[in-house]
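An overview of the molecular structure
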Amino acid sequence: QVQLVESGGGLVQAGGSLRLSCAASGIIFSIDRMGWYRQAPGKQRELVATITSGGSTNYADSVKGRFTISRDYANKTASLQMNSLKPEDTAVYYCNADVTNRRLIKFNYWGQGTQVTVSS
């Protein structure tokens, strides 16, 4: 019922910027938390940033000061503004959301992922 659709990935040179967007659709009672994760080749998926329904944010140490997560509550979207990108930021970025449905049951959903490549 719930889908997360990501956009905004691409190729950028080191020091550049990208903005990722994640749009949630379907029958949703509430979105309690949204976040971005990434997975580089040969590495495990790791948390990048999260934002709660109250607006509290959390960032991985490696992206603090460079990345900013935000939400558009009316459109059920989350964005990740990525500045001062480094080659080590290269990864597939995944949107994740904790969603409560009409029966007040909580589910966790993942987007399909979008590739971010930062060249040196």
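Note that the coordinates shown come from a computational prediction; the quantities given were computed from them, not determined experimentally.

1. Examining the pairing of strand E4 (residues 30-39)
In terms of residue burial, E4 counts as a mostly covered element, since 7 of its 10 residues are buried. Here 6 bridges tie E4 to strand E5 (residues 46-52), and the two strands are oriented antiparallel to one another. Note that in E5 the partner of Tyr37 across the bridge is Leu47. The turn joining E4 and E5, which pair antiparallel and follow one another in sequence, is formed by 6 residues; a positive phi near 80 degrees is taken by Gly42.

2. Looking at the packing of aromatic side chains
This model, assessed by the stated rule, comprises 3 aromatic pairs. Between the aromatic rings of Tyr37 and Trp110, the centroid separation amounts to 5.1 Å while the plane-to-plane angle is 65 degrees, which identifies the pairing as edge-to-face. Within this pair, whereas Tyr37 is found in strand E4, its partner Trp110 is found in strand E10 (residues 106-110), the two being separated by 73 residues in sequence. Exposure remark for Trp110: the relative accessible area of 39% places this residue in the partly exposed category. Put simply, the rings of Tyr37, Tyr94 and Trp110 touch in pairs and so form one group of aromatic residues. The cationic tip of Arg45 hangs over the ring face of Tyr94; the distance from NZ or CZ to the ring centre is 3.7 Å. Between Arg45 and the ring centre of Trp110, over which it is positioned, the NZ or CZ distance is 4.6 Å.

Reading the values: rules and limits
Residues numbered from 1 in each chain as written. Predicted model: local features only at pLDDT ≥ 70, side-chain atom pairs only at ≥ 80, totals over all residues. Heavy atoms only, no water. Buried < 20%, exposed > 50% of the residue type's maximum accessible area, 1.4 Å probe, protein only. Helix = DSSP H or I, 4+ residues; strand = E, 2+ residues; numbered from the N terminus. Pairing = 2+ DSSP bridges. Phe/Tyr/Trp six-rings, centres within 6.5 Å; stacked < 30°, edge-to-face > 60°. Lys NZ or Arg CZ within 6 Å of the ring centre and 35° of its normal.

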